[in-house]
Amino acid sequence: MTDQRFIIEMGMGNDLYGMDYQKAAARAIEDAMRHSSIPVFEVLGISHGDMRVAVTIGVQEPDKIDTKALASLLPRGKAVVSVTQGGLNSTHPQTGNTIVIATAAIEAFLPHQGANWTPA
């Protein structure tokens, strides 16, 4: 059986003054990770190395993202980062300053754990 998704977290990050898409994306990943606590590894004795992590980043200029650098931010599992058109640029009408807003979805997958799951 293929891997099963067992968690998905969403996050948002921004860069207020530098129009730095990489910084906004890194902050979106950090935001999503702060929403997670995954006790299943300890409870079932599963190695974090068994986890596959898929990160999707949405920004207005995807070509400005270094996916390998972002993947290195993930502390556990085997991470792959992809980028898509998304997020938001918000420009101040008087100053022209643009705020870059990135979104992130982090999905974690494990091999099928059917034998390990038992009713509570």
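Residues numbered from 1 in each chain as written. Predicted model: local features only at pLDDT ≥ 70, side-chain atom pairs only at ≥ 80, totals over all residues. Heavy atoms only, no water.

Asks: Hey, could you run me through the overall build of the protein chain in this one?
Replies: Counting its regular elements, the protein chain contains 3 helices and 5 strands. Secondary structure elements of the protein chain occur, N-terminal to C-terminal, as β-α-α-β-α-β-β-β. The proportion of buried residues among the 120 residues of the protein chain is 32%. Surface summary for the protein chain: the accessible area is close to 7200 Å², and the carbon and sulfur share equals 53%. (Helix = DSSP H or I, 4+ residues; strand = E, 2+ residues; numbered from the N terminus. Buried < 20%, exposed > 50% of the residue type's maximum accessible area, 1.4 Å probe, protein only. Areas by Shrake-Rupley, 256 points an atom, 1.4 Å probe, with all protein chains shown as cover.)

Asks: Explain the side chain of threonine 98 to me, please; I cannot follow it from the model alone.
Replies: Within the element layout of this structure, threonine 98 appears in strand E5 (residues 98–110). At 2.9 Å, the side chain of threonine 98 forms a polar contact with the side chain of threonine 91. Beyond its immediate chain neighbours, meaning those up to four positions away, threonine 98 contacts Asp15, Leu16, Met19, Asn89, Ser90 and Thr91. (Polar contact = N/O pair within 3.5 Å; in protein donor to acceptor, adjacent residues only side chain to side chain. Contact = heavy atoms within 4.5 Å.)

Asks: Whenever I open this one, the side chain of aspartate 15 confuses me. Can you help?
Replies: Along the chain, aspartate 15 turns up in strand E1 (residues 4–15). Judged by its relative accessible area of 5%, aspartate 15 falls in the buried class. A distance of 3.0 Å separates a polar side-chain atom of aspartate 15 from the backbone nitrogen of glycine 18. Not counting residues within four places of it along the chain, the set of residues in contact with aspartate 15 comprises Asp20, Lys23, Ala24, Arg27, Thr98, Ile99 and Val100.

Asks: Just checking my understanding: could you explain the pairing of strand E2 (residues 52–59) for this structure?
Replies: Burial analysis of E2 places 6 of its 8 residues in the buried class, the great majority of the element. As judged from the 8 bridges shared by E2 and strand E3 (residues 78–85), these two strands associate in the parallel manner. Counterpart to valine 53 in the pairing with E3 is alanine 79. Two elements, E2 and E5, share 7 bridges in a ladder whose sense is antiparallel. Within E5, the residue paired with alanine 54 across the bridge is glutamate 107. (Pairing = 2+ DSSP bridges.)

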